[in-house]
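What follows is the residue order along each chain.
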Amino acid sequence: MTGFYHKMNIIIFGPQGVGKGTQAKLLAKHYNLKHLSTGDVLRSAIVDKTPMGTKAEAYIEKGEFVPDNVVNEIIENQLFKTETGWILDGYPRNLAQAEYLDLVLDKAGQKIDLVIDLSAPKQILKNRMMARKEIENRLDDVEQIIERRLELFENKTKPVLDFYNKRKMVRTLNGVGSIKEVNKYIICNIDALKLD
Ligand code: AMP
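Let me begin by describing the structure that accompanies this report. Note that residues are indexed from 1 along each chain, following the sequence as it is written. Whole-chain, interface and lining totals are the exception, using all residues; otherwise, since this is a predicted model, local features are given only for residues with pLDDT of at least 70 and side-chain atom pairs are given and counted only at 80 or more. Side-chain numbers here rest on the full set of heavy atoms in the structure, without hydrogens or water.

Any carboxyl oxygen of Asp or Glu within 4 Å of a side-chain nitrogen of Lys or Arg constitutes a salt bridge here. Throughout the structure, instances matching the rule amount to nine salt bridges. The closest approach of N and O atoms between Arg-43 and Asp-40, which form a salt bridge, is 2.9 Å. Remark: Asp-40 and Arg-43 occur in helix α2 (residues 38-47); sequence separation between them is three residues, near one turn of the helix. The partly exposed category is assigned to Arg-43, whose relative accessible area is 27%. Across the salt bridge formed by Glu-64 and Arg-148, the nearest N and O atoms sit 2.8 Å from each other. On the criterion of sequence distance, the pair formed by Glu-64 in the loop between α3 (51-62) and α4 (68-78) and Arg-148 in helix α7 (residues 143-165) is long-range, its members being 84 residues apart. A run of DSSP states H or I qualifies as a helix once it reaches four residues; a run of E qualifies as a strand once it reaches two. Both are numbered from the N-terminal end. The buried label goes to any residue with under 20% of its type's maximum accessible area, the exposed label to any with over 50%, and the partly exposed label to all in between, with areas taken from a 1.4 Å probe on protein chains only.

So, in structure tokens, the structure goes:
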């Protein structure tokens, strides 16, 4: 299954709590893609106390976006250091980032093959984030902050979906179900597209 798809480039899109990180990891494994999560990179920079981590922490704690130049730099430094295709998780999160991504992809002679829009009802998202708080103890999985993150998703990130919708690259898929069920469902959909 892997070789055929080795240059497939995917963006996984969806609100916090929909399971996009979990699904991105599984898809990266299945299709042999590099998984790049800007949130994961920022969280490990915080743990390592790097200058980027120090800068990002105050924003993440409040549920706000980290400035574009910080996340854009992660993309520029890490997305293209791979022979395989990639799956981007948590980026782009606003229109300026989507436009920046276009620019760097153009420079690298790469393109986005598919945008997966994973969706679930708001109450399910909130419940999942509260449950994740118990397991992962994330700084930003606190009720008030969760509300703010969902609000930013509605106001700033949803327009990114329209941006890609105009190019007809979006597949909206149902993210309700067990991890395994959702994973199977996404894979079936990707395989049916016969990309590459
Ligand atoms: P995530 O793990 O994707 O939910 O990201 C956790 C937090 O990291 C977000 O709430 C933001 O504070 C920050 N973050 C991650 N990716 C981005 C991005 N593309 N733009 C701005 N902030 C980001």
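Structure shown, so let's carry the discussion forward.
Turning our attention to the nonpolar core. If you look at the biggest cluster of nonpolar residues, it comprises 31 residues, and the most contacted ones within it are Leu-88, Leu-101, Ile-112, Val-115 and Tyr-164. Every element with two or more residues in this core is listed here: β1 (9-13), α2, α3, α4, β3 (86-89), α5 (95-108) and α7. Contact partners of Tyr-164, with chain neighbours within four places excluded, come to Ile-11, Pro-92, Ala-98, Leu-101, Ile-112, Val-115, Met-169 and Val-170. Take the buried residues of types Ala, Val, Leu, Ile, Met, Phe, Trp, Tyr and Cys, join any two whose side-chain atoms come within 4.5 Å, and each joined set is a nonpolar core. Grouped together as the second largest cluster of nonpolar side chains are 23 residues, Met-8, Tyr-31, Ile-87 and Leu-118 included. In this analysis, two residues are considered to be in contact whenever any of their non-hydrogen atoms come within 4.5 Å of each other.

What follows covers the packing of aromatic side chains. Two rings from Phe, Tyr or Trp (for Trp, the six-membered ring) form a pair when their centres sit within 6.5 Å of each other. Planes less than 30 degrees apart are called stacked, planes more than 60 degrees apart edge-to-face, and all others tilted. Counted by the stated rule, this structure contains two aromatic pairs. Judged by centre distance (5.8 Å) and plane angle (50 degrees), the ring pair of Phe-13 and Phe-153 falls under tilted. Linking Phe-13 in strand β1 with Phe-153 in helix α7, this pair joins segments that are 140 residues apart in sequence. Between Phe-163 and Tyr-164 the ring centres are 5.1 Å apart and the planes differ by 80 degrees, which places this aromatic pair in the edge-to-face class. Phe-163 gets classed as buried once you look at its relative accessible area, which sits at 17%.

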